[in-house]
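Chain by chain, the residues:
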Amino acid sequence: MKFAVIVFPGSNCDLDMYWAMKEIMGADCEYVRYDADSLDGFDGVLLPGGFSYGDYLRCGAIARFANIMSEVIRFAEEGKPVFGTCNGFQILTEAGLLPGALRRNESLKFISKITPLKVVNNQTKFTSEYALNEVIQIPVAHGEGNYYCDDETLADLKANNQIVFTYEGENINGSVEGIAGITNKAGNVLGMMPHPERAMEKLLGSDDGKKFFASILNNFGKVTAN
């Protein structure tokens, strides 16, 4: 598989994402600029964290209209893997590829620390390497990670088993029911506020992110190969 790491003005985790997928997981990976108009030759899309367009207006609201996003949307509609972390998650909600929205943290403070997450759905193509209800240690770094959706959307997420990660113990940002990551109904688009690409080596505090990327390669790689 060949992955595109989308680089927006203000991205600051694109290097981490590239390093995790290419250097640690050994997958083919290239940077693709926000103003590109094609994802031909790629099999998956990775939307990194950061402050796209300075987070003006709303987080991800301007990036959603970047030239490359029409191709990202096409990828999602074709069932190819699309993953967004932190600002990437915000962009996915703004683009309508995932339901809900990300608001200011309940504390109104920026949070940066390794945080325990519970894998509440290990039946996705992004989480199959984890055990159900496994608690993993993944860093967060966000000021607007408070996931919100209305009651109808929440019921829909539960009915379709789209909630994938929840914060374990402390609900650090006030998200609805502690939600940290969700998928679309088709299961090929996942967004989460924590950064699995920053949890690739025990030397850096945790290597629990490796199972996340291994799940992508093992599952979507088989689909692509067919």
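Residues numbered from 1 in each chain as written. Predicted model: local features only at pLDDT ≥ 70, side-chain atom pairs only at ≥ 80, totals over all residues. Heavy atoms only, no water.

Asks: Please explain the layout of surface pockets as it appears in this structure.
Replies: The gaps of empty space that remain are located by a probe, the size of a water molecule, rolled over the atoms. Here the largest pocket defines a volume of roughly 170 Å³. Forming the walls of the largest pocket are 16 residues, and the residues nearest its centre are Gly50, Phe51, Phe110, Ala141 and His142. Across the lining of the largest pocket, the residue classes tally to 6 nonpolar, 7 polar and 3 charged. (1 Å grid on protein atoms, 1.4 Å probe; cavity = no way out; pocket = protein on both sides within 12 Å on 5 of 7 lines; lining within 4 Å. Points joined across faces, edges and corners; volume = space filled by probe spheres on them. Nonpolar A, V, L, I, M, F, W, Y, C, P; charged D, E, K, R; others polar.)

Asks: How should the UniProt feature "active site" (unreviewed entry) in the protein chain be read in this particular structure?
Replies: The UniProt entry lists Cys86, His195 and Glu197 under the feature "active site" (unreviewed entry), expressed in the numbering used here. Spatial clustering of the annotated residues is evident: they stretch over 112 residues in sequence, but the largest pairwise C-alpha distance comes to 11.0 Å. Of the annotated set, the members that line the largest pocket are Cys86 and His195. Relative to the helices and strands, Cys86 is located in the loop between strand E4 (82-85) and helix H3 (87-94). (UniProt positions renumbered as here; feature names shortened; annotations may be inferred. Helix = DSSP H or I, 4+ residues; strand = E, 2+ residues; numbered from the N terminus.)

Asks: Just to check I follow, could you spell out a nonpolar patch on the surface for this structure?
Replies: A surface patch of nonpolar side chains, about 360 Å² in accessible area, is lined by Tyr56, Leu57 and Ile62. Position of Ile62 among the secondary structure elements: in the loop between strand E3 (44-47) and helix H2 (69-77). Of the residues examined, Ile62 reaches a relative accessible area of 31% and is grouped as partly exposed. (Patch = residues over 30% accessible without salt bridge, like charges linked within 9 Å, V, L, I, M, F, W, Y side chains within 5 Å. Areas by Shrake-Rupley, 256 points an atom, 1.4 Å probe, with all protein chains shown as cover. Salt bridge = Lys/Arg side-chain N within 4 Å of Asp/Glu carboxyl O. Buried < 20%, exposed > 50% of the residue type's maximum accessible area, 1.4 Å probe, protein only.)

Asks: Help me understand the nonpolar core in this model?
Replies: Nonpolar side chains in soluble globular proteins tend to be buried together. Counting 66 residues, the largest nonpolar core has Ile6, Phe8, Leu39, Phe83, Phe165, Phe212 and Phe213 as the members making the most contacts within it. Counting residues per element, this core draws most heavily on H2, which supplies 5 residues. For Phe83, the contacting residues outside a window of four places in its chain are Met17, Val45, Leu46, Leu47, Leu92, Phe126, Leu190, Met192, Pro196, Phe212 and Phe213. (Core = buried A, V, L, I, M, F, W, Y, C linked by side-chain atoms within 4.5 Å. Contact = heavy atoms within 4.5 Å.)

Asks: Would you explain the pairing of strand E6 (residues 111-119) in this entry?
Replies: Strand direction decides the pairing type here: E6 and strand E7 (residues 135-142), joined by 8 bridges, are antiparallel. Of the residues in E7, the one forming a bridge with Lys118 is Val135. The pairing of E6 with strand E9 (residues 163-167) spans 3 bridges and is classified as antiparallel. The residue bridging Leu117 from the neighbouring strand is Tyr167, located in E9. (Pairing = 2+ DSSP bridges.)

Asks: I'm lost on H2 in this one. Help?
Replies: Count 3.6 residues to each turn of an α-helix, and residues three or four apart come out pointing the same way. Three or more residues of H2 are buried, namely Met69, Glu71, Val72, Ile73, Phe75 and Ala76. Packing partners of the buried residues in H2 comprise E3, E4, H3 and strand E11 (189-192).

Asks: I'm lost on the packing of aromatic side chains in this one. Help?
Replies: The geometry of an aromatic ring pair is captured by two quantities: the separation of the ring centres and the angle between the planes. One pass over the full model with this rule turns up 9 aromatic pairs. Aromatic side chains Phe83 and Phe212 sit 4.7 Å apart centroid to centroid with 55 degrees between the ring planes, which places their arrangement in the tilted category. Taken together, the residues span a long stretch of sequence, with Phe83 in strand E4 and Phe212 in helix H5 (residues 210-225) at a distance of 129 residues. For the pair shown, Phe83 and Phe212 are each scored as buried. Counting every residue linked through ring pairs, the aromatic cluster contains Phe83, Phe126, Phe165, Phe212, Phe213 and Phe220. Here Lys80 stacks its cationic end above the ring of Phe75, 4.3 Å away from the centre of that ring. (Phe/Tyr/Trp six-rings, centres within 6.5 Å; stacked < 30°, edge-to-face > 60°. Lys NZ or Arg CZ within 6 Å of the ring centre and 35° of its normal.)

Asks: What is the right way to read the sheet that holds E3 from this model?
Replies: The strands that make up a sheet are held in pairs by hydrogen bonds between backbone atoms, and each pair lies either parallel or antiparallel. Pairing is mixed in the open sheet, where 9 strands are placed in the order E2-E1-E3-E4-E11-E10-E9-E6-E7. Each edge of the open sheet carries a strand with a single partner, namely strand E2 (28-33) and E7. On average, adjacent strands in this sheet sit at an angle of 25 degrees to one another, irrespective of strand direction. Strand direction decides the pairing type here: E9 and strand E10 (residues 179-183), joined by 3 bridges, are antiparallel. Bridge assignment links Phe165 to a residue of E10, and that residue is Gly181. Across the sheet, helix H1 (residues 14-24) is in contact with strand E1 (2-7), E2, E3 and E4; its angle to E2 comes to roughly 160 degrees. (Axes fitted to C-alpha atoms, helices over the stretch in contact; angles between N-to-C directions.)

Asks: Before we go on, may I ask you to explain the side chain of Asn173 in this structure?
Replies: Its place among the elements puts Asn173 in the loop between E9 and E10. Residue classification places Asn173 among the buried residues on the basis of a relative accessible area of 0%. Among the polar contacts listed, one links the side chain of Asn173 to the side chain of Ser175, at a separation of 2.6 Å. Contacts of Asn173, omitting those with residues within four sequence positions, involve Asn105, Glu106, Ile111, His142, Gly145, Asn146 and Tyr167. (Polar contact = N/O pair within 3.5 Å; in protein donor to acceptor, adjacent residues only side chain to side chain.)

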